[in-house]
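Coordinates in review
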Amino acid sequence: MPSTPHPPSSAQTSRTTCAIAGGGPAGLVLGLLLARAGIEVTVLEKHADFLRDFRGDTVHPSTMALLDDLGLSERFADLPQSRLSHLELPDARGNETVVVDFRRLPMRHPYIAMVPQWDLLNLLAEAAAQEAHFTLLTEHEVTGVVRHNGRVIGVDYRSPEGNARLLADLTVACDGRWSTVRQGAALPVKELPVHFDVWWYRINTDRDVGTALLPRVFKDRLAIVIPRKGYLQVAQLGLKGADDAVRDRGIDAFRTHATELLPEVADDAANLQSMDEVKHLSVRVDRLRRWYCPGLLCIGDAAHAMSPVGGIGINLAVQDAVAAA
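Residues numbered from 1 in each chain as written. Predicted model: local features only at pLDDT ≥ 70, side-chain atom pairs only at ≥ 80, totals over all residues. Heavy atoms only, no water.

**Description of the packing of helix α1 (residues 25–36) against helix α8 (residues 312–324)**
What counts, and what does not: Comment: axis = line fitted to C-alpha atoms, over the contacting stretch for helices; angle = value between 0 and 180 degrees taken between N-to-C directions. To qualify as a helix, a DSSP run of H or I must reach at least 4 residues; to qualify as a strand, a run of E must reach at least 2; elements of each kind are numbered from the N terminus. Roughly parallel means an angle under 35 degrees; roughly antiparallel, over 145; roughly perpendicular, 65 to 115; everything else is oblique. Left-handed is the label given to a crossing in which the near helix is rotated counterclockwise from the far helix by less than a right angle, and right-handed is the label when the rotation is clockwise. Whether two residues touch is decided by their heavy atoms; if any such pair falls within 4.5 Å, the residues are in contact. Any residue outside Ala, Val, Leu, Ile, Met, Phe, Trp, Tyr, Cys, Pro, Asp, Glu, Lys and Arg is labelled polar, Gly included; the first ten of those are nonpolar and the last four are charged.
For the pair α1 and α8, interaxial distance at closest approach is 8 Å and the crossing angle is 25°. Here α1 lies roughly parallel to α8, going by the angle between them. Regarding α1 and α8, the two cross each other, and that crossing is right-handed. In this structure, α1 contributes Pro-25, Ala-26, Val-29, Leu-30 and Leu-33 to the contact, and α8 contributes Ile-314, Ala-317, Val-318, Ala-321, Val-322 and Ala-324. Partitioned by chemical class, the residues of the contact of α1 with α8 number 11 nonpolar, no polar and no charged.

**Quick look at the packing of helix α2 (residues 61–69) against α8**
Running from N to C, α2 and α8 point in directions that differ by 45°, and their axes come no closer than 9 Å. Regarding the angle of α2 to α8, the classification is oblique. When the axes of α2 and α8 are compared, the crossing they make is left-handed. Of the residues in α8, those touching α2 at Ser-62, Thr-63 and Leu-66 are Asn-315, Val-318, Gln-319 and Val-322. The class makeup of the residues in the contact of α2 with α8 is three nonpolar, four polar and no charged.

**Comments concerning helix α6 (residues 243–261)**
To keep it simple, the criterion reads: Here the expected length of a helix is defined as 1.5 Å per residue gap, with one fewer gap than residues. Throughout, bend refers to the angle between the axes fitted to the seven residues that end at a position and the seven residues that start at it. Residue burial is assigned from relative accessible area. The probe radius is 1.4 Å, only protein chains are included, and a residue is buried under 20% of its type maximum, exposed over 50%, and partly exposed in between.
Taking 1.5 Å per residue, 19 residues should reach 27 Å; α6 reaches only 19 Å between its end C-alpha atoms and comes up short. The principal kink in α6, of about 105°, is found at Gly-250. Those residues of α6 not exposed but buried are Asp-243, Val-246, Gly-250, Ile-251, Phe-254, Arg-255, Ala-258 and Leu-261.

**A word on the sheet that holds strand β4 (residues 82–84)**
By way of backbone hydrogen bonds, the strands of a sheet pair with one another, either parallel or antiparallel. Here is the rule: Strands are treated as partners if at least two bridges between them are detected by DSSP.
Strand order in the open sheet formed by three strands is β3-β7-β4, with antiparallel pairing between adjacent strands. In the strand order of this sheet, the two ends are held by β3 (58–59) and β4, each with one partner. As paired elements, β3 and strand β7 (residues 112–114) share two bridges and run antiparallel to each other. Pairing of Val-59 across the sheet is with Ala-113, part of β7.

**Things to note about the side chain of His-109**
Test applied: N or O atoms within 3.5 Å of each other form a polar contact, as long as, within protein, one can give a hydrogen and the other can take it, and as long as residues adjacent in sequence are counted only when both atoms are side-chain atoms.
For His-109, the position within the fold is in the loop between β6 (96–101) and β7. In this structure His-109 comes out as buried when scored by relative accessible area, which is 16%. Side chain to side chain, His-109 and Asp-68 meet in a polar contact 2.7 Å long. Non-local contacts of His-109, meaning those with residues more than four positions away in its chain, are made with Pro-61, Met-64, Ala-65 and Asp-68.

Next comes the structure, spelled out in structure tokens:
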């Protein structure tokens, strides 16, 4: 079981009603909802901020409806975003065919909003910070669970001030697919087969390539492109286990593949300097056979790691948080 090497002293032990490991979409939505219900909640986030690239950015209609209900719709609308109302893919003759169309759905928001996740997380954190019962501790990395008489009663964590312990009536694991809390609780996991991985990279460009999600296909290769201000965020799909071979072929071959998928920014793709700029995501799909044990609940990727296809992970994590609250 992951734990700190030496139990913290009583002076390094604090207490809350609900301890949430992880300040992602699940953790912050749950923290906000519980705090608004008058429950003392502490969220521990291992990073200093939310500004990390290559995260889920697809905010689905269900999540936007929740933001409406929370009174955050105007602030959300002010975030930089593009809207995806439908998705077209080329057919065998090169004609564009609509394969997804949200415009026909009877929803308040019949589209997907492409929003940088760090902006959404900042919005949620700022809204939660206005609640008297909410505490967000950044640079606080959960290192293990604390047990007593067969029950999880809190977590150990590491911060710039050293190792410490947070005791809680309920601990909620929202710390992602490699959840430390899940490992510490030894909850059984069912692994599901996955045959592809993703290579994330960015192409700096000022060219106008549209504002919505852009699928690109060349021969047997597929990439999904998210336009950003000043750059494109690209997710290139390939066979699972191929990362070593991809890196052995080197940056020249990778640039060639990138320009074949995105010929309109071929000159900009030439500025990719090394494979260090290409981040490999080993896609994992699994689910816990049971999401809980005494004193502990797992939600989001900590309970069910999702495929990145369709951007469903962030939105299911939010719905987990709503159900848990």
